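Summary of structural features
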Amino acid sequence: MATMGRNIAAPLLFLNLILYILVVGFGSWCLNRFINGQTNNPGFGGNGATMFFLVFSILAGVVGVVSKFSGGNHIRAWRNDSLAAAGSSSLVAWAITALAFGLACKEINIGGHRGWRLRVLEGLIIILAFTQLLYLFLIHAGVFSSRYGPGYRDTDYGSGAPAVDPGHKGGVSAPTRV
């Protein structure tokens, strides 16, 4: 039953990976148009928050894609030592995505003409803010119960042998009398 969390988190990991790749693609196209000064292009548009939104969305996309690699390793291993890497990287990716989410809301609030690619990018960031948070909760579900996956307090590393103190690992020592 410990694979319950894994069976739910694996498809969500793949969905978030695809969404983050789309964010990098759309964000790169929009940033290229913005840098070239083509904001009057009917396919682009923008307002005062556009530059900040584009920078944070590309940053969120790149960090999100990289965090999915450690997440894939955690889904494959499904142990508490891989949970630390996957959890911390996905937390950082969610934090940057939340910043981009706030800027997307600000850009929508300011208004003005925005092209369809910029609106798609805003929508992707809004969707990712919630799906990344859900993924973060799913991989940390083992903290509350071991039914849902590994938690930070589990100590069953490796071979399954009982934990034995290896003692002194120095050189050869003479036996002592107690």
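Our subject is the structure listed above.
Figured I'd write up the structure that's included with this text. Being a predicted model, the structure only gives us computed values, none of them experimental.

Remarks on the pattern of salt bridges
Counted under the stated rule, the structure contains two salt bridges. Measuring nitrogen to oxygen at the nearest pair gives 2.9 Å for the salt bridge that ties R79 to D81. You can call R79 partly exposed: its relative accessible area is 30%. The partner of E122 in a salt bridge is R114, with the nearest N and O atoms 2.9 Å apart. Neither residue differs from the other here; E122 and R114 are each classed as buried.

Comments concerning the side chain of S57
Mapped onto the elements, S57 comes out in helix α2 (residues 50-77). At 3.0 Å, the side chain of S57 and the backbone oxygen of L54 are in polar contact.

Quick notes on unusual backbone geometry
We note that W78 has phi near 55°; this positive angle belongs to a residue other than glycine. You can call W78 buried: its relative accessible area is 9%.

Criteria and cut-off values
Residues numbered from 1 in each chain as written. Predicted model: local features only at pLDDT ≥ 70, side-chain atom pairs only at ≥ 80, totals over all residues. Heavy atoms only, no water. Salt bridge = Lys/Arg side-chain N within 4 Å of Asp/Glu carboxyl O. Buried < 20%, exposed > 50% of the residue type's maximum accessible area, 1.4 Å probe, protein only. Helix = DSSP H or I, 4+ residues; strand = E, 2+ residues; numbered from the N terminus. Polar contact = N/O pair within 3.5 Å; in protein donor to acceptor, adjacent residues only side chain to side chain.

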